[in-house]
Amino acid sequence: QVQLVESGGGLVQPGGSLRLSCAASGSGFSVDAMGWYRQAPGKQRELVATITRGGDTNYADSVKGRFIISRDNAKNTVLLQMNSLEPDDTAVYSCNAYVRSGVALSVRTYWGQGTQVTVSS
């Protein structure tokens, strides 16, 4: 069983910064692409940013230039540095990972429990 645990959410004023962290734990697995998604009340879950194991990144247009996704493969960890936060960034942020495990190295996605980010004055 693989578990993803997020941390770093909280309350911040507009223009402030937060750094989210997500670590995958368990045994007998390897992590491919990882990403951050968010969901605000009444809205669909949307992509924030993704990063491949090799470091290629992709960002939603709404966060380009403000957020930076990175990873530490040795620690199976993905980070999301969020700068210049806006009220519209308020959402539950969830970590996602493509994981290979088992004898056949089958691929499945895992999700963290989510961490609340609230941007308000």
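Up top is the structure these notes are about.
Just so we're clear, the structure is a prediction, and the values are computed from it rather than from any experiment.

**Section: the pattern of salt bridges**
Here comes step 1: This structure, assessed with the given rule, holds six salt bridges.
Here comes step 2: Here Glu-46 and Arg-38 are joined by a salt bridge, their closest N and O atoms 2.8 Å apart.
Here comes step 3: For Glu-46, a relative accessible area of 35% gives the class partly exposed.
Here comes step 4: On the basis of relative accessible area, Arg-38 is assigned to the buried category, the value being 5%.
Here comes step 5: For the salt bridge of Arg-66 with Asp-89, the shortest nitrogen-to-oxygen distance reads 2.8 Å. Residue Arg-66 is located in the loop between strand S6 (57–59) and strand S7 (67–72), and its partner Asp-89 is located in the loop between strand S8 (77–82) and strand S9 (91–101); the two are separated by 23 residues in the primary sequence. Asp-89 matches Arg-66 in its accessibility class, with the two residues each being buried.
Here comes step 6: One salt-bridge network, in which partners are shared between bridges, spans Arg-38, Glu-46, Arg-66, Glu-86 and Asp-89.

**Thoughts on the packing of aromatic side chains**
Here comes step 1: Overall, the coordinates contain one aromatic pair when judged by the stated rule.
Here comes step 2: The ring of Trp-111 is capped by Arg-45, whose NZ or CZ atom sits 3.7 Å from the centre of that ring.
Here comes step 3: Seen from the ring of Tyr-110, Arg-108 lies directly overhead, with NZ or CZ sitting 4.1 Å from the centre.

**Things to note about the nonpolar core**
Here comes step 1: With 32 residues, the main nonpolar core has Trp-36, Leu-80, Met-82 and Tyr-93 as its most contacted residues.
Here comes step 2: Counting only elements with at least two residues in this core, the list comes to strand S3 (18–25), strand S4 (29–39), strand S5 (46–51), S7, S8, S9 and strand S11 (115–119).
Here comes step 3: Sort the elements by how many residues they give to this core and S9 lands first, with five residues.

Cut-offs applied
- Residues numbered from 1 in each chain as written.
- Predicted model: local features only at pLDDT ≥ 70, side-chain atom pairs only at ≥ 80, totals over all residues.
- Heavy atoms only, no water.
- Salt bridge = Lys/Arg side-chain N within 4 Å of Asp/Glu carboxyl O.
- Buried < 20%, exposed > 50% of the residue type's maximum accessible area, 1.4 Å probe, protein only.
- Helix = DSSP H or I, 4+ residues; strand = E, 2+ residues; numbered from the N terminus.
- Phe/Tyr/Trp six-rings, centres within 6.5 Å; stacked < 30°, edge-to-face > 60°.
- Lys NZ or Arg CZ within 6 Å of the ring centre and 35° of its normal.
- Core = buried A, V, L, I, M, F, W, Y, C linked by side-chain atoms within 4.5 Å.

Everything listed here is a matter of coordinates, which is why it stays silent on function.
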